Amino acid sequence: MSLRMPHARRARLSLFTAATASLALVTTACGGSGSGSSAAPKEFSYLSVTENTTVKTALTTMSKGACKAANDALPLKVETVPQTSLDQKLQLLAGQDALPVQFAAGNAPALTQQLAKSGKVADLEKELKSLGVLDQLEPAAVSTIKALYGGKLQVLPYEYNIEGIFYNKKIFQENAIAVPGTWDELVAAAAKLDAKNVQPFSASGQQGWPITRLLSTYLYRSLGPDALQKVADGKAKLTDPEYVKAAEEIAGLGKKGYFGKGVGSIDYDTAMNQFLNGKAAMFYMGNWALANISDEKQNKVGAENVGFMPFPAVSGGKGSIDQYPSNVGLGITLGAKSFDKKTGDWVSCIAKNYGSTALRDHGSISGFKVNTGVMDANDVTTKVRKTISESKQNVLWFEALFSTKATTVSQTNAAGLVTGSMKPAVFMQTVQDALTAK
């Protein structure tokens, strides 16, 4: 990811899933003081997740190249844990006052915010300003981070993603389908493809979030960019008719069979492979998928045959197609007590060089600026990068502002929404109940 690769994707998407341990443990473990040993770090220790291969590989490359001086002074040391064990590991280390210099943030923003309140997380905006490299972060990435982390820059954007619909150009051309500009046109295109025995969409019902992303983006297009903020603020409910309408529209795609057979049991990798093998015409996903699309071994249809379009407009809706759902993957932050001059040298080098390294070596788009003339791997990568730079406003995803419980309930039941085992109104009621549960 970066968290972009198939297995790495599972790491990234865990940002959108429930934290595996109670936040109350952090409060107890951290003690609230943020004090502890002030000894300078001897290594640039980095705690990552096993599923994430890109960030640690890119940092290792930089340690031998652009950041060699920083690495000579403070050697990079990478440790990994399974994504499902990350929160527990962070809580344990925080309780021992032994957090590494840099570490993957918790599976939900709330954990990082709790650690920050306990004085365990560095004030990155302050540190980056002091280092003179705050301007090396893309403004859109900073905006997204602050939207997620209570208005504060608490993680670094090793990954920056926008979401939209990747589509098979060849299939569209063979079936005389123009890129849909509205929801009605998208549904009509799906019907036309289905009639020709072409599966319109590929999606993972097993993970759940690829389904709920469709739901939230429809809400943003129909009700405007504040649709889910209103729910979080208690000014609207998911059970309101206009919200249920969105669930009905997504459920309708499944009822008509547009996701193919067995969508409820299909995992992320299988859904990705369906699209890359030409077995599905469209794939709603974030731009982390560019790594797979750029991989000739994985992509049997060819990167030249993959296009990218925004989620279409909803007729009469208050939203706009240039409002892209965005995220920074599994955020990575730094410890407060270990942020000394040597750490600062590493961070400064990362800010100036990571964007170029990730794009050149991994085809990964980060929230850091690209400062060298790195060529995009293909036209679809260029399209996505251009879209990011021109994006007027970013929005979040369905569960971004949900509690951990509601996130789990939402993603666990998403498959039922498109397989017909759960009615749209019941799905929305179930998630709303989880949001309001005490």
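The rules we used
- Residues numbered from 1 in each chain as written.
- Predicted model: local features only at pLDDT ≥ 70, side-chain atom pairs only at ≥ 80, totals over all residues.
- Heavy atoms only, no water.
- Core = buried A, V, L, I, M, F, W, Y, C linked by side-chain atoms within 4.5 Å.
- Buried < 20%, exposed > 50% of the residue type's maximum accessible area, 1.4 Å probe, protein only.
- Helix = DSSP H or I, 4+ residues; strand = E, 2+ residues; numbered from the N terminus.
- Pairing = 2+ DSSP bridges.
- Axes fitted to C-alpha atoms, helices over the stretch in contact; angles between N-to-C directions.
- Disulfide = S-S within 2.5 Å.

(A) Up close: the nonpolar core. Phe 166, Met 282 and Tyr 354 are the most contacted members of the largest nonpolar core, which has 121 residues in total. Top element by residues in this core is helix 11 (residues 209–223). It accounts for 8 residues. In terms of nonpolar packing, the next biggest core, distinct from the first, is built from 14 residues, Leu 47, Val 81, Leu 90 and Leu 93 among them.

(B) How the structure looks around the sheet that holds strand 9 (residues 332–334). Strand order across the open sheet formed by 4 strands is 2-1-3-9, with mixed pairing between neighbours. Two strands close off the open sheet at either side, each with one partner strand: strand 2 (76–81) and strand 9. With strand direction ignored, the average angle separating the axes of adjacent strands in the sheet is 20°. Two strands pair when backbone bridges link them, and strand 1 (residues 44–49) and strand 3 (residues 102–104) are joined in this way by 2 bridges, in the parallel orientation.

(C) Representation of unusual backbone geometry within the structure. Despite not being glycine, Ala 176 shows a phi value in the positive range, around 50°. Relative to the helices and strands, Ala 176 resides in the loop between helix 9 (169–174) and helix 10 (183–195).

(D) View of the state of the cysteines. Counted under the stated rule, the structure contains 1 disulfide. One disulfide bridge connects Cys 67 with Cys 349, the sulfur atoms lying 2.0 Å from each other. Between Cys 67 and Cys 349 the disulfide shows an S-S torsion of about -100°. By sign, it is left-handed. One end of the pair, Cys 67, is in the loop between helix 3 (54–64) and helix 4 (68–73); the other, Cys 349, is in helix 16 (residues 341–362), with 282 residues separating them in the sequence. Taken as a pair, Cys 67 and Cys 349 share a single burial class, namely buried.

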